[in-house]
Amino acid sequence: MKEILDDLKQNPIIAAIKNIKDVDLVLDRDVKVVFLLCGGILNIKDTVKRIKNKGKRVFAHIDLVEGLGKDEEAVRFLKYVGVDGIITTKPTLIRAIKNENLIAIQRIFLLDSRSLETGIKNILEDRPNAVEIMPGLAYKVIKKIHRHINVPVIAGGLILDKSDIENALSSGAVGISTSSRDLW
């Protein structure tokens, strides 16, 4: 995890790829970390290899890779294709990801105070290596979560411009995931 944090210190922007066609675009950008939010079992190995060959770290969102189950076998498959870590909304997969010596990023959606409480509880119980908070515009909530957990926080979702990035980083986020090509 230290290497990822070092990469994010150099460039806190994480390219969140929602369309496989955007892989070509991200290969020549300065981002050091890529979140794959697309792809399928027939193309993910090649996609991961292409990104890693450019010296970037790759995290696959297990819930969004088509053709994969959301279970331990899918975790092992993603390790086999070479990802550095896995993103999931399912707290039950965190242990399986960590057991495969991959970095586990738990994505949580903050809709109300109850989802905030549940998110903090799940993070403390499941101990992911990092947490991605959605939407990334929740600056006050990022500060609150950062105070309660000892896990790096990534802000993602609805990041539209540089001021959103600056606000999230000043609130304690270590990285910003965005699908906005202009911000890569």
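Above: the structure in question.
One structure accompanies this document, and this report is about it. (Residues numbered from 1 in each chain as written. Predicted model: local features only at pLDDT ≥ 70, side-chain atom pairs only at ≥ 80, totals over all residues. Heavy atoms only, no water.)

## A short note on helix α6 (residues 113-126)
- Here α6 is 14 residues long and its end C-alpha atoms lie 20 Å apart, about the 20 Å a rise of 1.5 Å per residue gives.
- Residues of α6 that are buried: Ser115, Leu116, Gly119, Ile120, Asn122 and Ile123. Buried residues of α6 fall within an arc of 165 degrees about the axis and therefore sit on the same side. For α6, the exposed residues set more than 90 degrees away from the buried face come down to Ser113, Arg114 and Glu117.
- Along its buried surface, α6 packs onto β5 (103-109), β6 (130-134) and α7 (139-148).
- Among the residues trailing α6, Arg127 stands out with phi positive, at a value near 55 degrees. (Helix = DSSP H or I, 4+ residues; strand = E, 2+ residues; numbered from the N terminus. Expected span 1.5 Å × (residues − 1). Buried < 20%, exposed > 50% of the residue type's maximum accessible area, 1.4 Å probe, protein only. Arc of directions from axis to C-beta. Contact = heavy atoms within 4.5 Å.)

## Examining helix α1 (residues 2-10)
- Within α1 the residues assigned to the buried category are Ile4, Asp7 and Leu8. Seen end-on, α1 carries its buried residues on one side only, within an arc spanning 100 degrees. Turned more than 90 degrees off the buried face of α1, the exposed positions are Lys2, Lys9 and Gln10.
- Taken together, the buried residues of α1 touch β1 (13-17), β2 (33-36), β3 (57-61), β5 and β8 (175-178).

## Details of the packing of helix α3 (residues 44-53) against helix α4 (residues 72-81)
- Where α3 meets α4, the axes come as close as 9 Å, and the angle between the chain directions of the two elements is 45 degrees. Overall, the two elements α3 and α4 adopt an arrangement that is oblique. Facing Ile44, Lys45 and Val48 of α3, the residues of α4 in contact are Phe77, Leu78, Tyr80 and Val81.
- Taken together, the residues of the contact of α3 with α4 sort by class into 6 nonpolar, no polar and 1 charged. (Axes fitted to C-alpha atoms, helices over the stretch in contact; angles between N-to-C directions. Parallel < 35°, antiparallel > 145°, perpendicular 65-115°, else oblique. Nonpolar A, V, L, I, M, F, W, Y, C, P; charged D, E, K, R; others polar.)

## A word on the nonpolar core
- Of all hydrophobic cores here, the largest spans 50 residues; its most connected members are Leu78 and Ile145.
- A total of 4 residues in this core trace back to one element, the largest contributor, which is α4.
- Residues Ile14, Ala16, Val33 and Ile105 belong to the second largest nonpolar core, which totals 13 residues. (Core = buried A, V, L, I, M, F, W, Y, C linked by side-chain atoms within 4.5 Å.)

## Details of unusual backbone geometry
- In this structure, the amide linkage connecting Met134 to the following residue, Pro135, adopts the cis form with an omega of -5 degrees.
- Note that Pro135 resides in the loop between β6 and α7.

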